[in-house]
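One letter stands for each residue in the lines below.
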Amino acid sequence: MDTFILIGITGIGLGALYFLVASGLSLIYGLMGVLNFAHGSFLTVGAFVGYWVATRLGPETTMTDFILAMIVGGLAAGLFALMIEQLLITRLYDRHIDQALVTVGVSLVVGAVLGGWFGNDLIMFPTPLWFLTAVNVGGAMIPADRIVYIATAVLLLIANWALLKFTRIGLIIRAGVENRNMVNALGINVRRAFSTVFFLGGFAAGVGGVLVSVYSNGVSPLIAGSYLIYGFIVVVIGGMGSVPGSFLAAMLIGVIRQFANYYVTGLGDFVVVILLAGVLLIRPQGLLGKVRA
Amino acid sequence: MNALSVKDLHVKINESHILHGVSFEVPTNKVTALLGRNGVGKSTTLRTIMGFYEGTGSIELNGKQIIGMPTHKIVQSGVAFVPEDREVFASLTVKENLSLAARSKDSAAAYKFVYDLFPELDTRAAQQAGSLSGGQQQMVAIARALLNKNEILLVDEPTKGLAPKLVTEVAEALTKVAEQSTMLLVEQNLALVKRVAQHVIVMDQGRVVYQGGPENLNDDSWVHQMLGVSGGHK
Amino acid sequence: MLRWKYSRPLLAALLVALALAPMFTSLPLGKPGLQQTLAVAFIWGALALTYDLLFGFTGLLSFGHALYFATGVYVSCILINHEIVSWWLAAIIATVASGVLAALVGAASLRTTGITFAMVTLAFGEAGHVIVGRNFFNLTGGENGIALNADFVPQFWIGVVNTKYIYWTALLALIITYLVIWWVTESSAGRVFAALRDNEQRVQVLGLDTQKFKLLSFVISGTLAGMLGFVMLIAAGSAAPRFAESSVTIALLLMVVIGGAVTRWGAVLGGIFYSFASTRMQDLTQQESFKSIPEWIGGPIAEPALLLGLIFIFIVMFAPGGLSGAYYRLRMKALARKHS
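Bear in mind that the values here come from a model prediction, so they are computed numbers and not experimental data.

### What to know about the confidence of the model for chain A
- Scored by pLDDT, chain A comes out at a mean of 90, with 98% of its residues at no less than 70.
- Considering each helix and strand of chain A separately, the mean pLDDT is smallest for helix 11 (residues 267-282) of chain A, with a value of 83, and largest for helix 2 (residues 39-56) of chain A, with 96.

### Notes on the nonpolar core
- The biggest cluster of nonpolar side chains holds 291 residues, and the ones touching the most others in it are A:Tyr18, A:Ile233, B:Leu154, C:Ile43, C:Ala123, C:Ala170 and C:Leu228.
- The element contributing the most residues to this core is helix 1 (residues 2-32) of chain A, with 17 residues.
- Aside from chain neighbours lying at most four places away, what touches C:Leu228 is C:Ile43, C:Ala46, C:Leu47, C:Phe69, C:Gly72, C:Ala173 and C:Thr177.

### Looking at the environment of A:Phe203
All names here are of chain A.
- Checked against the element boundaries, Phe203 lands in helix 8 (residues 191-215).
- Sequence separation between Phe203 and Gly78 is 125 residues, and the spatial gap between their C-alpha atoms is 4.3 Å.
- Setting aside residues no more than four positions away along its own chain, Phe203 makes contact with Gly74, Leu75, Ala77 and Gly78.

### Digging into helix 2 (residues 32-57) of chain C
Residues and elements named next belong to chain C.
- With 26 residues, helix 2 should cover 38 Å at 1.5 Å per step; its first-to-last C-alpha distance of 36 Å lies within 8% of that length.
- The axis of helix 2 is deflected most strongly, by about 35°, at Tyr51.
- Of all 26 residues making up helix 2, 21 are buried, and the element is well covered by its neighbours.
- Just past helix 2, the residue Gly59 takes up positive phi, approximately 75°.

### A word on the sheet that holds strand 1 (residues 2-13) of chain B
Residues and elements named next belong to chain B.
- With antiparallel pairing, four strands are arranged side by side in an open sheet as 2-1-4-5. Where the open sheet ends on each side, the last strands, each with one partner, are strand 2 (16-27) and strand 5 (64-65).
- As judged from the six bridges shared by strand 1 and strand 4 (residues 55-61), these two strands associate in the antiparallel manner. Bridge pairing in strand 4 links Val6 to Ile59.
- With respect to the sheet, helix 1 (residues 42-49) is in contact with strand 1, strand 2 and strand 4, its orientation differing from that of strand 2 by roughly 70°.

### Re the interface of chain C and chain A
- Taken together, the contact pairs 35 residues of chain C with 35 residues of chain A.
- Broken down by secondary-structure element, the contributors of at least two residues to the side of chain C that touches chain A are helix 5 (114-134), helix 10 (246-259), helix 13 (295-301) and helix 14 (304-318) of chain C.
- In the side of chain C that touches chain A, the residues fall into 26 nonpolar, five polar and four charged.

### What about unusual backbone geometry?
- Even without being glycine, B:Asn29 reaches a positive phi, approximately 60°.
- Taking the C-beta count within 10 Å as the criterion, B:Asn29 has 13 such neighbours and is therefore assigned partly exposed.
- A positive phi angle, near 60°, is found at C:Asn138, a position not held by glycine.
- Mapping C:Asn138 onto the fold places it in the loop between helix 5 and strand 1 (146-147).

### Let's talk about the sheet that holds strand 7 (residues 152-156) of chain B
All names here are of chain B.
- What the six strands build is an open sheet, ordered 6-7-8-3-9-10; its pairing is mixed. The open sheet has two edge strands with one neighbour each: strand 6 (79-82) and strand 10 (207-212). Across the sheet, the mean angle separating the axes of adjacent strands is 20° when strand polarity is ignored.
- For strand 3 (residues 31-35) and strand 9 (residues 199-204), the ladder comprises four bridges, and the chain directions are parallel. Bridge pairing links Leu34 to Ile201 in strand 9.

### Let's talk about the pairing of strand 2 of chain B
All names here are of chain B.
- The pairing of strand 1 with strand 2 spans nine bridges and is antiparallel. For Leu9, the partnering residue across the bridge sits in strand 2 and is Val22.
- Hairpin connection, strand 1 to strand 2: the antiparallel pair is bridged by two residues, and Asn14 has positive phi, about 50°.

What counts and how
Residues numbered from 1 in each chain as written. Chains lettered and ligands numbered in written order. Predicted model: local features only at pLDDT ≥ 70, side-chain atom pairs only at ≥ 80, totals over all residues. pLDDT = per-residue confidence, 0-100. Helix = DSSP H or I, 4+ residues; strand = E, 2+ residues; numbered from the N terminus. Core = buried A, V, L, I, M, F, W, Y, C linked by C-beta atoms within 7 Å. Buried ≥ 20, exposed ≤ 12 C-beta atoms within 10 Å, placed from the backbone. Contact = placed C-beta atoms within 7 Å. Expected span 1.5 Å × (residues − 1). Bend = angle between axes of the 7 residues up to and from the residue. Pairing = 2+ DSSP bridges. Axes fitted to C-alpha atoms, helices over the stretch in contact; angles between N-to-C directions. Nonpolar A, V, L, I, M, F, W, Y, C, P; charged D, E, K, R; others polar.

If you want it as structure tokens, here you go:
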């Protein structure tokens, strides 16, 4: 039973990391039709800026320091995402393939610059000592960092939901995901919403970058790789443009992957791909996705 | 006085020439019906006025050139659009659909007008628009267009696919709206057209072939020749 | 496509020169180092061409092309090392296996289109990478990969002195790939591919099963990639997970876009340039003069991805059509001047 809880919670923690990447990917795709390969770069930029903040803040990282590192890392990644959107994406308005290609280029350039500066080896990310302790959950000893991942993801999910539900820009984003032309036809410049979505997606990915650095035992330009791919899978399974769908799919995939890996090492990734193929065959629009007109 | 004046409008979509020099006027404070067989370019004309398609020629709104402007700017300068197939935001509530459309800060009067016209929208404010019936969705689509001050209303086949009882309801609403606005209406239901239109334009194969008063609509042979349908006595 | 009356004789002359050059040890191409670099570059050029069939000619943006290439590498290596069949039969089986896998994965992923198709193929490709990295049944050697057992392949492919044979094999593979793709794209099926890319609805109206044609393009492309996998195994001497990474497909995409899609020679040139530049950039940055550049600029420049990424972004933003597109634009201008 203890092992069961441990694997389950670790799986949810991993799912939380996937969600931080996937939520932005899903909204960016849903609203703008952009397949954003630069999303991994947003994660890496957030991780390195977070690392810089955490190392500046003192020999011993406190919980406050860490939260500050997450926020600053997220903001930096959000601003970087905004810059990419303004500088490159908007100039290729509605040329979806070219937009995807340009983001591939961005990910290469960012990887090269960070690799040139810091090398590609893992650099220790300073964390609060509390992360190394274990928390008793229903008799199972859960590593404390998992709790942080889950809490952050839930917090961002709620913030995201509130923004989409209660603000005008959120209303525009939700309507735009469904039918962009009609939003324009109501006299609203839908492109204003694009920047918001890029910033928010970048912010979530940047926060995710700091957490991924903790989970991977360090920061490097290469940490984003598998999270970006899992992010894509989560988006497809959850349904394009649906943030709750991404959350559901991320948790599902995190848990399934951990359990499969527990029984047979390496089986997890395989099971996830089978799941993906199954969803595509049975429900191509994803769990909470809508059929596009 | 003309609210909208279209001159020599040409439109190509994916290399195929859809509109071949369309010219017509929409007089202010009147309802103008845009008629023609299926596929002659009526919807394309409306959607080009809206800026969805690129075209060459001239489209003037109260003397101001709007061709080539982005859609949201065209709408802000006073063109409202009720699209074919309604295109309500299915996952948004009725209220959210309306508040998205209402651009001015002070829209209480506009809301009152809309709710008087369609009381159902008030009672169903919290319902998801996707779960409404076709007729109710059409009300949302029309209401969205009425929440702002408009120079002209473009309405594309508002009764398409509706049950006869709902057709009457939508027709009554449109008649009320017509009393105080300029409208360019694409509609297959000739009975409705006869009831509201004061001006008629007929298109064929991407060109305007008739422009004038509605009196010919009572001439069955004219209607048959122009529109390929037999009269409006359904 | 615009033709130049000297292009065919010139191409023939270039091929003869490339084929004969390794015989003369005084030439740069007489040295094993350059032969090896170029052999690998030829394979990448050919692989880029198979990707051009998908992306350029049929309009399918796949991010999982590495899967079929890696299948060719691994299946042939496993069959040879375990002495299951002789090397040439291993090559054939590996090629067919890649084609079959492409048919299966293609049938599932082609249920989606556009950007979703890109994501789905990416996921399947990544699954392949994970599987070879895990060493199931002790077959793939995990993260380290497996070395080709030199005893079971012809001896003319083994050893530094014999690099020229690897060079010739790679050149031959490039020519075969080019001819097959040329034949396919000029055939009536090839015209359907192009029509699918430009306007799928119009093809449907003609009553053709668009899914079948897309799958055909996907399978032809995957099969050729599998064959090139075998050639890469000979050139690299081992099968490693890096051949299955999604970065392989991304590199192919860069090659095609830089060289220019739909011209065939553009993709080949892009592949050769990319592969050559990646290898030579590192050598260049080892030099003394390079050390004088400050570390914060020099570090990133030493990564080939920086320059290639920037070129790529520039081409997508400002010069669609890549190198070959630019060439044809120049020729168009020259022609227009002649006629005016």
